[in-house]
Amino acid sequence: MSDTNSESNPASGMHDFLDEKAITTKLATKALDRLLSFGEKVVKERWARHKNSTFESFANYLYEKSIRCRQMRSLLDDSTVYTLRDLYVPARLRNGPSMFSESNFLKLFVQGNLSNQFRRTHAAIVQGPAGSGKSVLFKSAFLRLQSLSNERIPILFELRALNSRKLHNPNSPSVDEWSYILHDEITSHGKNVSVEQVQDGLKFGLFTLLLDGVDEIKPTLQPLYERLIVDLTKKYPECPLLVSGRPMARLAGWQDFSLYEVESLNLNEAVELVKKSPADSNLKSDFIAEVTVLDKTDFKEFIGNPLLLQIMMITFSDIRRISRLKHEFYEDAFQALWVKHDLRKQGFERRKYSGLDRREFLELTGGFAFSSYLLNDVAMRAQKFSEHFLRALKLSKLVAKEEEYKQDLLVSTSLFVEDGLMLKFSHRSFQEYFASCFISKLLGRDFEVAIDAIADRYETDQVLPFLLSHSPDIIEQYWILPQTAKALNILGVKSNSSVQTYAKKVLGRANTAESESAQKTIAIVRHLYQFRRNKRDLDAAFDAWVEIQRTKTDSLLTEDFETIFANDRDAVVGLINELRRKYSRSREALDSLLH
């Protein structure tokens, strides 16, 4: 099934705000009646005793969560709270060759899963790069699903909350942990539902589960919670499950999950998003004319990303041009936010509460971003904010008052937003950009240790690409060159190594922690320099090649695979040789001048 029609009305499928209470009440009633109609006797009795209070709890959860999901702020105007329909352009999603509008994707998602005999409802992963609108899509899905299905209660949970959550059974965590996680999510809105009732709901398909941001889980916790998510689909096949995250190769291996990708905005959708933006009409007209021209150039990547499109508009309003390099793009964005022309009152500049100048603010924010990034804090409560602020003061050797700095983040620059009791970067990409700026100023061993500390996130985060963009000499000389050379040495790979040796050493199963680390280093280099074949492609080719070797079949396919491996070997070894020549020439030129 394929649907390529975009949705002209972003409110399509959504109910009016005034009808929110009626809709949530109706949904909670029907969903609970459905459970009571076919649940086991003991379940019926347990729920019947508390039907009124349970109904009130779920209705209240839906109502309060819906209010939060409707609220949006814009980078272009941080002073106003808008509704989702004011700013949002519905997404399109791709599954292989098939394209789906957001509404048709959700309709398909709530239907029964006839293709899997073990799981009667759908489980799907929605992948997209930073800024592609995954979290807003999940908020929209939470609202739409209330109208699309009267059998299940949607539960939207932000997975980054797991970073600060204590396990119910830390000694032996199991899939039952979800009963406690979802219980806390539901009851956080002031009403009581028992853990036992949540377990019943999971068992009998009372819920549609929306788990947002698997890539935002701490790297140290990801293996555990990824296993628990997969186990969740197996133990509770009656509950549809949707998970979002940035692209990660290992997610493709999750059994029972369909994989969807958020499609980039086309030109019409980009123009619609600009028209919805809270900005001066003349500015919007000029920017749309610029976007229409740039859509046929290398800027197409920026135009197709909702976040980058907004940042483009901010920088365009300030300097009337768009930088081509990503780090310059963010530098210009920060400059525009720092000058902070209110787009409805051009020429007005907000005062800075902290008294810091631009350089000082950048240094302090770099230290804050590095501290919070290293500890996986995108969203944080006041105490955690204070901890990172105090650490940033020491790292930057500056003096500032916390509340004044916080106001500069929230009001003067819009780099931060408030979300209930939480403070967070307006987007993770800002945190990653400023963290990369801080790392680029570290020296010697500190630089190497900092890179090693974040290297595991190379597939999902942009800190390393930002570093390569704005500080190539530093990261190439002091990490990429020495670490890749060390990795090849550990693996015993040389420029004249046979294809078979290279494939086994670099792509095969690592025998030691040292060789595993070396393989990861090469994977990082392959990712940073955007080699033709990524790790996922190479792993698939290697597995197929091993199978062909084992069964001794089709020598022509073997030759094709060996060409793939030879190209990867030549690219890795060639890069190292080129970097050596590059920096050797630089050293010789400098020595000739100084000596």
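Residues numbered from 1 in each chain as written. Predicted model: local features only at pLDDT ≥ 70, side-chain atom pairs only at ≥ 80, totals over all residues. Heavy atoms only, no water.

(A) Representation of the overall build of the protein chain. Scanning the protein chain from terminus to terminus reveals 25 helices and twelve strands. Residue burial in the protein chain is summarised as follows: out of 595 residues, 54% are buried. A separation threshold of at least 6 residues defines the contact pool for the protein chain, and within that pool the share at least 24 residues apart is 72%. Accessible area of the protein chain: about 27300 Å², with a carbon and sulfur share of 50%. (Helix = DSSP H or I, 4+ residues; strand = E, 2+ residues; numbered from the N terminus. Buried < 20%, exposed > 50% of the residue type's maximum accessible area, 1.4 Å probe, protein only. Contact = heavy atoms within 4.5 Å. Areas by Shrake-Rupley, 256 points an atom, 1.4 Å probe, with all protein chains shown as cover.)

(B) Seen up close, a nonpolar patch on the surface. Among the surface-exposed residues, Leu590, Leu593 and Leu594 lie close enough to one another that they form a single nonpolar patch of about 330 Å² accessible area. Relative to the helices and strands, Leu594 is located in helix α25 (residues 555–594). Residue Leu594 is classed as exposed on the basis of its relative accessible area of 57%. (Patch = residues over 30% accessible without salt bridge, like charges linked within 9 Å, V, L, I, M, F, W, Y side chains within 5 Å. Salt bridge = Lys/Arg side-chain N within 4 Å of Asp/Glu carboxyl O.)

(C) Region of the structure containing the sheet that holds strand β8 (residues 241–245). The strand order β4-β3-β9-β5-β8-β7-β6 describes an open sheet built from seven strands, whose pairing is mixed. Of all the strands in the sheet, the pair left with one neighbour each is β4 (98–101) and β6 (153–158). For this sheet, the mean angle separating the axes of adjacent strands, direction not counted, is 25 degrees. Bridge count between strand β5 (residues 123–127) and strand β9 (residues 258–262): four bridges; the pairing is parallel. The partner of Gln127 across the bridge, within β9, is Glu261. Packed on one face of the sheet, helix α5 (residues 102–110) meets β3 (92–95), β4, β5, β7 (207–212), β8 and β9 and runs near 100 degrees to β4. (Pairing = 2+ DSSP bridges. Axes fitted to C-alpha atoms, helices over the stretch in contact; angles between N-to-C directions.)

(D) Spotlight on the side chain of Asp568. With respect to the helices, strands and loops of the structure, Asp568 is situated in helix α25. Owing to a relative accessible area of 4%, Asp568 belongs among the buried residues under this scheme. Within the structure, Asp568 has its side chain in polar contact with the side chain of Tyr502 (distance 2.6 Å). Beyond its immediate stretch of four places on either side in the chain, Asp568 contacts Tyr502, Arg526, Phe531 and Leu538. (Polar contact = N/O pair within 3.5 Å; in protein donor to acceptor, adjacent residues only side chain to side chain.)

(E) Just the pairing of β6, in detail. Counting buried positions along β6 yields five of six residues, so the element is predominantly enclosed. Note: β6 against β7, six bridges, orientation parallel. Looking at β7, one finds that Ile155 is bridged to Leu209.

(F) Seen up close, the nonpolar core. Within the largest apolar cluster, 107 residues are counted, with the highest numbers of intra-cluster contacts made by Leu309, Met312 and Phe565. The element contributing the most residues to this core is α25, with ten residues. Leaving out residues up to four positions away in the same chain, Leu309 has contacts with Leu265, Ala270, Leu273, Val274, Phe287, Val291, Phe302 and Ile303. Judged by nonpolar contacts, the second largest core, of 69 residues, contains Ala59, Leu84, Leu108 and Phe257. (Core = buried A, V, L, I, M, F, W, Y, C linked by side-chain atoms within 4.5 Å.)

(G) Looking closely at the sheet that holds strand β11 (residues 416–419). Spatially, β10-β12-β11 is the arrangement adopted by the three strands of the open sheet, whose pairing is antiparallel. Whereas interior strands pair on both sides, the edge strands pair on one side only; in this sheet they are β10 (379–380) and β11. The pairing of β10 with strand β12 (residues 422–425) spans two bridges and is classified as antiparallel. If you follow Met380 over to β12, its bridge partner there is Leu423. Helix-sheet contacts for helix α17 (residues 402–412) involve β11 and β12, and the interaxial angle to β11 is about 95 degrees.

(H) Summary view of the packing of helix α21 (residues 472–491) against helix α23 (residues 513–528). The interhelical angle for the contact between α21 and α23, taken along N-to-C directions, is 135 degrees, at an axis separation of 9 Å. By the angle class used here, α21 and α23 are oblique. In this structure, α21 meets α23 at a crossing whose hand is left-handed. Between α21 and α23, the contacting residues are Trp479, Ile480, Gln483, Thr484, Ala487, Leu488, Ile490 and Leu491 on the first element and Glu514, Ser515, Ala518, Gln519, Thr521, Ile522, Ile524, Val525 and Leu528 on the second. Per-class residue counts for the contact of α21 with α23 are eleven nonpolar, five polar and one charged. (Parallel < 35°, antiparallel > 145°, perpendicular 65-115°, else oblique. Left-handed = near helix turned anticlockwise from the far one by under 90°. Nonpolar A, V, L, I, M, F, W, Y, C, P; charged D, E, K, R; others polar.)

(I) View of the side chain of Lys406. Residue placement: Lys406 occurs in helix α17. The contact partners of Lys406, leaving out residues within four places of it in the chain, are Phe385 and Leu423.

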